[in-house]
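Chain residues, written in single-letter form:
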Amino acid sequence: MASLFNNAHDFRIDNLQVVNGHSSANPLKELEALIAPEALEDSAERCDAPKCHPETRVAVQDDLYGWIKYGDPDNPNKMKWVTGPAGTGKTAVMGSVTERCKEDRLPVASFFFSSTGSIGRRTKTAFVTTIAHQLAQHRQGLRDAIAAAIEADAIVFKKNLHVQMETLVLAPFRAVAGGPNDPLRGVIVVDGLDECQVEETHDNTTTGRRNRPRRSKEQDQLEILQVLYQASSDPCFPYRILVASRPERVFREFFDPERSLASFAQKLDLNEHYNADADIAVFLEARFNQIRRRYRFPPSWPPPKMIQILVGNASGQFIYAATVIRFLDTGHREPSKALLEAILKVKATSTTSNPLEQLDALYRHILESSPDPPLSALWIFTIQVLNYFLMPSASTIDQFLQIDSASSEAEHLLGNLHSLIRIPPPGDHATTGYSFYHKSLIDFLRDPEACGNLYFDESQIDAFVWDRFLRACARGAHHTLSSYPDGFLGFLCDVPRFGTFSSAKIHSLTHLTPASADWASTNHVPGIVAGQRVESGPIQFWVEWDHLACCGRIVLAYSSKSDSIACPRRRYRAHSRKFDEQAGTRKPRPVRHPYSSLVLSPPSHSGFVL
């Protein structure tokens, strides 16, 4: 093989580094690019995450911190489960314990899952890489060992979590074990593992959608538990592991000593092992003191009996007390005294012993303070769905959902719901999205028995989303491209690519609703390309999303098929087709978006009516 420098002369090379015969990028930079920074305890996304109020949860924090630092002489296992029902303060406790470890310079790596957070916090994809990246900050020798492991296996990030844990965490710890430095001790904190969702891959091919096996979120949660146990069982792994979750089945079975061959540290149940009533009373008294000083209420407000009633209603659920305070303290139009008296009059309608009954009743009371509670509930559902797939800003959501983009419908519907929804200030609307204080709000709205007339099934939610989507398209068709910001046009084109909206049956009272078979020829919306008159049967059409993205309007084209299945009412369908197959001699567009499936029902038949 010829030398690279054959016959070369009169040159100089400074700082030449050759690694394994070829140049290499910084492996830790590769690792950093694949983590979920939003899942860290101190991430910007968690800037207003719950923490334990001073002088509350002291005993449970001391218990967990003592176990992290000293272990349990009667139980040497290094993995511990912290559990409790929704609203018992698990995330607040885990966040406060993590902060305490940092303040005492005890090495800690954290991952805070959230089903309503950014994509990195919702799935298992970046779990091991995020933990490994934090461990690399704890000691130079460990950092070097992790970097060497990445260089030795360049495709480790494409492998399963067990291999990633072995390669990026356990093998590096073995490499530094027995070194001259003091023994490394620390903790890995994993919160909200029950909120880890199954990974979604958006495969637009027919074969991919039909043949790809689908895992459940429980399988992904179990995989993470097994990976953590794999680490805790390794003698060279010096960290303890704290896992917090609701007591869902996969966790109960995994940590059940009678079902599992594995051994764990003693479980800590916040609902059984600690009486939270005293802590909730301390929290309420401190926050009422702040409200009293702000509004100059007399020292006798609120009477001690009111606080006792609220503590009893909370049934150990900190989220109930926190929601009450936010409801009183978020600029509501009514005075705080009247709001508190109204809350105390709220009664749970169920006769069961469910500790969340009072929280459900509080949620209903707050939602009913909206001028249009059902529509507000639909907004909440839509925000939750769109956040899962697209993470739009608040201004994008407002522009999408408001019937009149220049109206104040968002403030009208959500103005009284600041205690349930994190609503960014006006100056941050374009960069920050809506989010929810607690997952129990979505749980409440998904339970038809709990929320009553505020319940909507998936098909109704899909119908609402499509209605607002079509309204937005119609508004854009009436104006030039400049009428919509580029970011909103991109969002609008992405909506049909995600979710299960293709099965929705809807009609809009404003536009694109076929009042008769010749609806297209009588619709004067610019950009609508009409075909022939159809008296009966299905009509196929497609939507040119790339035309919408480039020109600010939509183009529909359709044709009837005589061999279609007879339909008693006119239904207008769109099926996935490629633009190039139907375009003929049209000039290709630079932006490409897949086409969506729509089903539009005439107003005289069943459909979702606003």
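Quick note: structure is the one above.
Source: prediction; values computed, not measured. (Residues numbered from 1 in each chain as written. Predicted model: local features only at pLDDT ≥ 70, side-chain atom pairs only at ≥ 80, totals over all residues. Heavy atoms only, no water.)

1. Some words on helix H13 (residues 318–328)
No. 1: Among the 11 residues that make up H13, 11 are buried, leaving the element largely enclosed by the rest of the structure.
No. 2: For H13, every residue scored as buried is listed here: Phe318, Ile319, Tyr320, Ala321, Ala322, Thr323, Val324, Ile325, Arg326, Phe327 and Leu328.
No. 3: Of the surrounding secondary structure, the elements contacted by the buried residues of H13 are helix H11 (277–295), helix H12 (304–314), helix H14 (336–345), helix H15 (357–367) and helix H19 (440–445). (Buried < 20%, exposed > 50% of the residue type's maximum accessible area, 1.4 Å probe, protein only. Helix = DSSP H or I, 4+ residues; strand = E, 2+ residues; numbered from the N terminus. Contact = heavy atoms within 4.5 Å.)

2. Some words on the nonpolar core
No. 1: The biggest cluster of nonpolar side chains holds 74 residues, and the ones touching the most others in it are Leu284, Phe288, Leu310, Ile380, Phe400 and Leu445.
No. 2: Of the residues forming this core, the biggest block, nine residues, is contributed by H13.
No. 3: One finds Ala36, Met165, Val227 and Phe264 within the second-largest nonpolar core, a separate group that totals 48 residues. (Core = buried A, V, L, I, M, F, W, Y, C linked by side-chain atoms within 4.5 Å.)

3. Details of helix H6 (residues 140–152)
One full turn of an α-helix is made of 3.6 residues, so residues set three or four places apart face in the same direction.
No. 1: Under the 1.5 Å per step criterion, the end-to-end length of H6 is 18 Å for 13 residues, consistent within 8% with the ideal 18 Å.
No. 2: Within the span of H6, buried status applies to Leu142, Ala145, Ile146, Ala147, Ala149 and Ile150.
No. 3: At its buried positions, H6 is contacted by helix H1 (27–32), helix H5 (127–135) and helix H7 (161–176). (Expected span 1.5 Å × (residues − 1).)

4. Quick notes on the side chain of lysine 80
No. 1: Position of lysine 80 among the secondary structure elements: in strand S1 (residues 79–83).
No. 2: Despite its burial, lysine 80 pairs with no opposite charge, the nearest such side chain being aspartate 63 at 5.4 Å.
No. 3: In this structure, lysine 80 is in contact with Leu64, Trp67, Ile241, Leu242, Val243, Ala265, Gln266 and Leu268, ignoring residues within four places of it in sequence. (Lys, Arg positive; Asp, Glu negative; His and termini not counted. Salt bridge = Lys/Arg side-chain N within 4 Å of Asp/Glu carboxyl O.)

5. Section: the pattern of salt bridges
No. 1: Under the criterion given, the structure shown has 22 salt bridges.
No. 2: For arginine 215, the salt bridge goes to aspartate 220, with nearest N and O atoms at 2.8 Å.
No. 3: You can call aspartate 220 buried: its relative accessible area is 1%.
No. 4: Between arginine 246 and aspartate 443 there is a salt bridge whose closest N-O contact spans 2.8 Å. Pair noted here: arginine 246 is in the loop between strand S4 (239–245) and helix H10 (249–255) and aspartate 443 is in helix H19, with a separation of 197 residues, a long-range link.
No. 5: In this structure arginine 246 comes out as buried when scored by relative accessible area, which is 11%.
No. 6: Taking the relative accessible area as the measure of exposure, aspartate 443 reaches 24% and is therefore partly exposed.
No. 7: Connected via shared salt-bridge partners are Glu41, Asp42, Lys51, Glu99 and Lys102.

6. Focus on the pairing of strand S3 (residues 186–191)
No. 1: Burial analysis of S3 places six of its six residues in the buried class, which makes it a mostly covered element.
No. 2: Neither face of S3 is left uncovered, since the one carrying Gly186, Ile188 and Val190 and the one carrying Val187, Val189 and Asp191 both have all their residues buried.
No. 3: Across five bridges, strand S2 (residues 108–112) lies against S3 in parallel orientation. Looking at the pairing, phenylalanine 112 lines up with aspartate 191 of S3.
No. 4: Bridging between S3 and S4 involves six bridges; their strand directions are parallel. For valine 190, the partnering residue across the bridge sits in S4 and is valine 243. (Pairing = 2+ DSSP bridges.)

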